[in-house]
Amino acid sequence: MIPGPRLFRSRWAALLWAAGLLWAVADMAGGLTGPHRAPPATPGASPTPEATPDGSPAQDPDVAALVNTLG
């Protein structure tokens, strides 16, 4: 809900309203500690290979060709 223009006559009231809005957004999005956060990486584990648009894994020649194309 967008507040009326009377709220913004006071800087402190506007600041508190904005802080509450950001808090609500962070709460809805899950913040940094929510259940949707990725698990921590295991030391020494190899990363999963990236995939090309057709679903096949990207190979080094593919990456080299892309770097050549981009300059």
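Look up a bit, the structure's there.
Procedures and definitions
Residues numbered from 1 in each chain as written. Predicted model: local features only at pLDDT ≥ 70, side-chain atom pairs only at ≥ 80, totals over all residues. Heavy atoms only, no water. Helix = DSSP H or I, 4+ residues; strand = E, 2+ residues; numbered from the N terminus. Buried < 20%, exposed > 50% of the residue type's maximum accessible area, 1.4 Å probe, protein only. Areas by Shrake-Rupley, 256 points an atom, 1.4 Å probe, with all protein chains shown as cover. Patch = residues over 30% accessible without salt bridge, like charges linked within 9 Å, V, L, I, M, F, W, Y side chains within 5 Å. Salt bridge = Lys/Arg side-chain N within 4 Å of Asp/Glu carboxyl O.

**Regarding the overall build of the chain**
On a plain count of helices and strands, the chain comes out with two helices and zero strands. Each of the 71 residues in the chain was classed as buried or not, and the buried ones make up 4%. Counting only carbon and sulfur atoms, one obtains 66% of the accessible surface of the chain, whose full area is about 6900 Å².

**What about a nonpolar patch on the surface?**
On the surface, F8, W17, L21 and V25 cluster together into a nonpolar patch covering about 370 Å² of accessible area. Residue position: V25 is located in helix 1 (residues 11-29). Overall, the relative accessible area of 47% leaves V25 in the partly exposed class.

Remember that the coordinates give geometry; whether it matters functionally is a separate question.
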